[in-house]
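A structural walkthrough
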Amino acid sequence: MAGWARAVRGLLLDVSGVLYDSGADGGVPIAGSAEAVRRWTSRGKLATQQTWRISVPGLMIVQLGSDSRAKWSWIKASGLKLRLCTNETQATRENFVRKLQGMGFDVSVSEVTAPAPAACHILKERGLRPHLLVHDDLVPEFAEIDKTNPNCVVLGDAAENFTYANLNEAFRVLIGMEKPVLISLGRGRYYKETDGLKLDVGAYMKALEYACDVQAEVVGKPSKRFFESALAEMGVPAEQAIMIGDDIVNDVGGAQQCGMRALQVRTGKYRPSDENHPDVKPDAYVNNLAEAVDIILQQM
């Protein structure tokens, strides 16, 4: 039996590369991912059961039938929790969740931990007024933040807004400060869309760090504070939670540093070379989210 799947009370999921592959057309769900979420949020043992075999030698998995109308009922009865833990910064949480719902994922805004709301809390707490270099669709998240006379820069996945002019403007704001403050909504190197790999916010963060001789404050994965916030929102201790992601460093490594177990899926940005990473070793590899959920539910 899979030892990593025992004594689980909470499941944290990365989104892009685990639930779906993003793209200019909105993206496409990864095979089996929507059904996996439904099984996790279904009535569980009250559902219809059927068995099928997966690639783990000698292990027969029970695939639980689903009833998406019974959202969260079995989780709440059993104490299991589910949370989406994402570095998504190309949309507000509301629009992001609306897109997921359109793909068949039974989730709500209250079940999402994302960098922008966390950054807003920090800005208010410290009296910071940001110059924003973010995606146009993320700007509404900062509607209640004072942005006059900026005393920091907030950097997100700005996509087409990552022009020379915009990066240079952010550079000038930072270099003009006595003590530059750069807040980055994640530090990913790249991510996968339907038409291939794309540079992520971390590449631009490093450029500004180098030019301004400053170290960015990362809000989002793999920040320990970000993972701890997601765990607190679930009400689950780290040792009873599992993180599932496609990023070997930011998902798997970040979660393990917080004391969680972590799995890497062979979907999204996963590359075979990840399995030879010199520093990060997942508790297990799974072919996709559906396989992981089946193993966890079979252990219960």
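Scroll up to find the structure this text is about.
Residues numbered from 1 in each chain as written. Predicted model: local features only at pLDDT ≥ 70, side-chain atom pairs only at ≥ 80, totals over all residues. Heavy atoms only, no water.

**Concerning helix α3 (residues 93-102)**
Selection rule: The classification of residues rests on relative accessible area computed with a 1.4 Å probe and restricted to protein chains. Under 20% of the type maximum is buried, over 50% is exposed, and intermediate values are partly exposed. Working definition: helices are DSSP H or I runs of at least four residues, strands are E runs of at least two. Numbering for both runs from the N terminus. Note: the arc covers the axis-to-C-beta directions of the helix.
Taken as a whole, α3 has its buried residues at F96, V97 and L100. The buried residues of α3 occupy an angular sector of 95° when the element is viewed end-on, so they sit on one face. With respect to the buried face of α3, the exposed residues turned more than 90 degrees away are R98 and G102. One or two positions beyond α3, positive phi appears at G104, with a value near 105°.

**Notes on the environment of V112**
Our working rule: Here, residues are in contact when the closest pair of their heavy atoms is within 4.5 Å.
Position of V112 among the secondary structure elements: in strand β7 (residues 112-113). Given a relative accessible area of 1%, V112 falls into the buried group. Put simply, V112 and V15 are 97 residues apart on the chain and 9.9 Å apart in space, counted from C-alpha to C-alpha. Beyond its immediate stretch of four places on either side in the chain, V112 contacts R83, L84, T86, R93 and V97.

**What about unusual backbone geometry?**
Peptide bonds are, in most cases, trans, and in most cases residues other than glycine have a negative phi. The residue after K221, namely P222, is reached through a cis peptide bond having omega 10°. If you trace the backbone, P222 turns up in the loop between β13 (217-218) and α7 (224-234). Phi angles above zero are rare outside glycine, and A7 is one such case at about 55°. By the element assignment, A7 lies in the segment before β1 (10-13). Phi is positive for N149, which is not a glycine, with a value near 45°. Considering the arrangement of structural elements, one finds N149 in the loop between β8 (130-133) and β9 (152-155). Under the relative-accessibility criterion, N149 is labelled exposed at 59%.

Fair warning: the whole summary comes from geometry, so function is off the table for now.
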